[in-house]
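# Reading the structure
Chain by chain, the residues:
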Amino acid sequence: MKISFLITLAGLVAGLGAPTIAQQKVSTPSESAPEGTRTRTLEDYDTQILPDRHVIFRLLAPQANDVKVRMGVTSSVNEPQGTTTTQMTKDANGFWTVTLGPFEPSFYEYQFSLDGCTIADPGNGMPKPQRHVNTSLLLIPGTPPDFLDTQNGAHGTMRDETYYSTALGRNRQVLVYTPPTYDNSRFPLPVLYLYHGAFDTRYSWVTEGRLPQILDNLLAEGKAVPMIVVVPDAHALAVETTPMTSTDFWANFSAYWGKNERAADEELFHDIIPFIQTHYNISNKPRERAIAGLSMGGLQAIATGIGHLGYFSCIGAFSPVPLSVLGNNFNNALNEPSKINESLRLFEIVTGDNDVMTGPATKQLESQLRALNIQHVYTVMPGTHSMFVWRPALSNFLQRIFKH
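Presented here is a report on the structure given in the accompanying data block. (Residues numbered from 1 in each chain as written. Predicted model: local features only at pLDDT ≥ 70, side-chain atom pairs only at ≥ 80, totals over all residues. Heavy atoms only, no water.)

### Quick notes on the nonpolar core
- Tyr193, Ile228, Trp257, Ile276, Ile302, Ile306 and Phe347 are the most contacted members of the largest nonpolar core, which totals 48 residues.
- When residues in this core are grouped by element, the largest group, eight residues, is from helix H3 (residues 249-279).
- Counting residues in hydrophobic clusters, the runner-up holds 36 residues, among them Leu139, Leu148, Val206 and Leu215. (Core = buried A, V, L, I, M, F, W, Y, C linked by side-chain atoms within 4.5 Å. Buried < 20%, exposed > 50% of the residue type's maximum accessible area, 1.4 Å probe, protein only. Helix = DSSP H or I, 4+ residues; strand = E, 2+ residues; numbered from the N terminus.)

Quick look at the structure:
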């Protein structure tokens, strides 16, 4: 299988002519034979997934002195645990290469270190959706296909909508998933509002989180009910303007989490929900509304879900950042457990067993909920603060909501 890519190769390799655009291509076992037994093709100049699940990482950098590839094997690339960093070797044409693997079927992050500068792979057309792009994504498909893969059958539709945010005073975008049966259905559908994490974009859940593939596959297997999923831009406020006054990560951003949550909450009810109600056939019943999110989005899901009791029936918080930034209003809401228990059919908290970023805070939250007799589900999964936890967490959550 070949990664989608777009790269200029003009004048780089003798005998290749002067092509400037390489087209998407799929490798076959015969095409991955030793180079001496076949004609070289453009795919030999970009990162390539081999049929045996090894990966040839390639980067054109003729002037570089040192190039490494950093791979998140069981975590994201920005975590110290679960990653590997491997030295690459330069050939006579200026290409740095190394072959790693085999890798288990999954969706991975990787990046290059180019003389100490971290960059995404310019030969890979699937960058990680980030506000500051320096990471690429790599899908190793399963055999047979697993829950992350695009499988044969009916597929839902992702729509990228633009609306005017009165709360923020500017145009904004929101992604909307509709199931395969949507256009032929006359009945209103349940709706899930799904928030991404800090420093990512609204495409995080769609591209790296594999939302369309996960939900398509669950619907095909009858494990989830048809629903609409709304993915807002979780950054109502720009995180880049946050003052960096401390070497402690949480100290720098604790003020931002709370301010952003309040702005996102206002925008959700003033602008996003009215837009979705106007343009999509969604149910007006609380039992058919849910909210969920990861990391910063997990904080927003809990704060909004608890702050608007009676509007949502389900809350999913995957590795939420510490809730201490929400202040007294939220703590007061927690002190009325009977109202929470009456309003929510499902309140699920998920964390990774090796999450050093939010794991302790999530465990503390669970203890607080238990002490207050607030009904909830606490799930600990193998993994870190990464999509290796959040993708299966989303899959499990989708299977539990809106079933009556």
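Here the narrative resumes.
### Observations regarding the sheet that holds strand S13 (residues 228-232)
- Taken together, the eight strands give an open sheet; going across it, the order is S10-S11-S13-S12-S14-S15-S16-S17, and neighbouring strands pair in mixed fashion. Looking at which strands have only one partner, the edges of the open sheet turn out to be strand S10 (157-165) and strand S17 (377-381). Across the sheet, the mean angle separating the axes of adjacent strands is 20° when strand polarity is ignored.
- When strand S14 (residues 289-294) meets strand S15 (residues 314-318), the two strands line up parallel, connected through five bridges. Across the sheet, Leu294 pairs through a bridge with Phe318, a residue of S15.
- Strands strand S12 (191-195), S14, S15 and strand S16 (346-352) of the sheet are contacted by helix H4 (residues 296-307), whose axis makes an angle of about 150° with S14.
- Helix H7 (residues 359-371) contacts S16 and S17 of the sheet and is inclined by roughly 150° relative to S16. (Pairing = 2+ DSSP bridges. Axes fitted to C-alpha atoms, helices over the stretch in contact; angles between N-to-C directions. Contact = heavy atoms within 4.5 Å.)

### Notes on the sheet that holds strand S2 (residues 55-60)
- Spatial strand order, S1-S2-S6-S5: four strands in an open sheet with antiparallel pairing. One side of each edge strand has no neighbouring strand; the edge strands of this open sheet are strand S1 (48-49) and strand S5 (89-90).
- Of the strand pairs in this sheet, S1 and S2 are connected by two bridges, and their pairing is antiparallel. When the sheet's bridge partners are listed, Gln48 is paired in S2 with Ile56.

### A few points about the packing of aromatic side chains
- Counting across every chain of the model gives 16 aromatic pairs.
- When the ring of Tyr45 is compared with that of Phe95, the centres are 5.3 Å apart and the planes differ by 50°; the resulting orientation is tilted. Taken as a pair, Tyr45 in the segment before S1 and Phe95 in strand S6 (residues 95-100) lie far apart in primary sequence, 50 residues in all.
- Residue Tyr45 is classed as buried on the basis of its relative accessible area of 6%.
- Aromatic pair Phe269 and Tyr311: ring centres 5.2 Å apart, planes at 70°, arrangement edge-to-face. One end of the pair, Phe269, is in helix H3; the other, Tyr311, is in the loop between H4 and S15, and 42 residues separate them in sequence.
- The class of Tyr311 is buried, set by a relative accessible area of 18%.
- Grouped by ring-pair contacts, the aromatic residues Tyr193, Phe269, Tyr311 and Phe312 constitute a single cluster.
- The positively charged end of Arg289 is found above the aromatic ring belonging to Tyr311, 3.6 Å away from the centroid.
- Note that Arg391 overlies the ring of Phe388, its terminal NZ or CZ placed 5.6 Å from the centroid. (Phe/Tyr/Trp six-rings, centres within 6.5 Å; stacked < 30°, edge-to-face > 60°. Lys NZ or Arg CZ within 6 Å of the ring centre and 35° of its normal.)

### Some thoughts on the side chain of Lys128
- For Lys128, the location among the structural elements is in the loop between strand S8 (117-119) and strand S9 (136-140).
- Take Lys128: its relative accessible area is 11%, and that puts it in the buried class.
- Filtering out sequence-adjacent residues up to four positions away, Lys128 remains in contact with Glu109, Val133, Thr135, Ser136, Leu137, Asp200 and Glu208.

### A closer look at the environment of Arg400
- Summarising the element assignment, Arg400 is placed in helix H8 (residues 387-400).
- Accessibility expressed as a relative area gives 40% for Arg400, which makes it partly exposed.
- Excluding its chain neighbours within four sequence positions, the residues that come into contact with Arg400 are Leu346, Glu348 and Val377.

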